[in-house]
Amino acid sequence: MSKTTSTLALKNTLAETELINNFRHDNTWLGELISKPKWVSNDTIKIPKRGLAPAVLINNNVYPIVSNKREDGHVVISLNKYDTENTTVTEDELYALPYDKLGDVQQQHREELEDKTAEHALYSIAPDHSATTPVLKTSGPDDGTGRLRLTAADLINHKKALDKLNIPKEGRVLVLCPDHVADLLIEDLTFKTRYQDANGGMITSNYYGFKTYEATYCPKYDPATKKRLPFGSAAAGVEGSIVFHKKNTVKAPGSVQRFARAAADNPEMRENTIGFRLWFIAVVIKDEGSSAIISG
């Protein structure tokens with residue numbers, strides 16, 4: 001191994017370690033998710049699946065009590081792969097600039113990976129409408145575009161729907177889309193006061209039983225079918241605010257790779273090339289508690 005190759009390999013290792021150690025979703029809803037790195041192997045996640053729950057007997061007087069063996073299982077799925085496009089930095093730039101551009105480029109790649117994984121994670125845990133994962137529509141006044149605003153009454157009705165599904169009250173998290181944040185600020189000055197006390201977008205106290213965050217990115221839904229549109233779809237749709245239960249939703253980081261070519265290995269252009277690949281996933285392990293609110 002040449003000295004240049006050895007040095008580059010060491011820099012890759014250091015950069016990969018730094019990205020993992022500094023990879024954060026600080027002050028976002030993703031901080032609510034339980035991290036399960038021990039479930040990950042070879043960039044796949046092995047999700048435990050509980051067997052049949054025991055029946056509860058009331059005032060039983062029949063013996064012996066039936067014994068059943070619980071057959072647990074698991075589901076294995078691949079983590080999502082996120083690649084950054086490469087960035088080039090010429091030796092001329094490094095000579096002329098008064099700061100560490102290569103270091104700044106690596107930080108920028110990490111920040112873009114943080115943003116994209118958060119956006120894709122919210123899409124990944126957003127449910128389609130079903131009997132156990134309700135997607136409800138707003139019912140407020142028209143905002144002037146034909147869209148019905150979200151109201152406090154809509155949130156109360158959403159809470160009631162989850163209550164009727166026997167979803168535990170502790171651990172419900174609501175991620176509001178920009179439209180719905182604006183709707184609530186317009187309707188409720190009390191909400192605004194509480195919102196302005198927030199730290200990084202988080203309302204410090206619960207709002208109708210939901211721990212509440214806002215996101216500038218949110219999944220889009222087909223209002224007729226109440227199903228998610230494909231991630232990144234340009235099709236018209238309506239934004240959805242997403243609800244999940246923190247005990248039933250997990251995140252898992254996988255491996256990270258730095259791809260680099262030093263200027264010394266590129267005599268024609270004399271430029272450094274850097275790119276990253278990250279494996280990561282956010283996934284719902286039980287449907288209970290997943291729901292959404294879309295604009296009517």
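Residues numbered from 1 in each chain as written. Predicted model: local features only at pLDDT ≥ 70, side-chain atom pairs only at ≥ 80, totals over all residues. Heavy atoms only, no water.

Caption draft 1: Focus on unusual backbone geometry. Of note, asparagine 42 is a non-glycine position whose phi angle comes to about 55°, a positive value. Positionally, asparagine 42 belongs in the loop between β2 (40-41) and β3 (44-49). Judged by its relative accessible area of 74%, asparagine 42 is exposed. Positive phi outside glycine occurs at asparagine 166, with the angle close to 60°. (Helix = DSSP H or I, 4+ residues; strand = E, 2+ residues; numbered from the N terminus. Buried < 20%, exposed > 50% of the residue type's maximum accessible area, 1.4 Å probe, protein only.)

Caption draft 2: Fine view of the pattern of salt bridges. Per the counting criterion, the structure on display carries twelve salt bridges. A salt bridge links arginine 147 to aspartate 143, with the nearest nitrogen and oxygen atoms 3.1 Å apart. Taking relative accessible area as the criterion, aspartate 143 reaches 23% and is therefore assigned partly exposed. Salt bridges sharing partners connect three or more residues here, namely Asp143, Arg147, Arg149, Asp179 and Asp183. (Salt bridge = Lys/Arg side-chain N within 4 Å of Asp/Glu carboxyl O.)

Caption draft 3: Focus on the side chain of threonine 151. With respect to the helices and strands, threonine 151 occurs in the loop between β7 (135-137) and α4 (152-164). Those residues within four positions of threonine 151 in sequence are excluded, and the remaining contacts are Gly140, Pro141, Leu184 and Glu187. (Contact = heavy atoms within 4.5 Å.)

Caption draft 4: Broad picture of helix α5 (residues 178-187). When α5 is considered as a whole, its buried residues turn out to be His180, Val181, Asp183 and Leu184. Taken down its axis, α5 places every buried residue within 160° of arc, on the same side. (Arc of directions from axis to C-beta.)

Caption draft 5: Representation of a negative patch on the surface. Among the surface-exposed residues, Asp100, Asp104, Glu111, Glu112 and Asp115 lie close enough to one another that they form a single negatively charged patch. Within the fold, aspartate 115 resides in helix α3 (residues 101-125). (Patch = residues over 30% accessible without salt bridge, like charges linked within 9 Å, V, L, I, M, F, W, Y side chains within 5 Å. Areas by Shrake-Rupley, 256 points an atom, 1.4 Å probe, with all protein chains shown as cover. Lys, Arg positive; Asp, Glu negative; His and termini not counted. Charge placed at Lys NZ, Arg CZ, Asp CG, Glu CD.)

Caption draft 6: View of the confidence of the model for the protein. Looking at the protein, the pLDDT average stands at 83 and 81% of residues meet or exceed 70. By mean pLDDT, helix α1 (residues 3-22) is the weakest element of the protein at 57, and strand β15 (residues 291-294) is the strongest at 97. (pLDDT = per-residue confidence, 0-100.)

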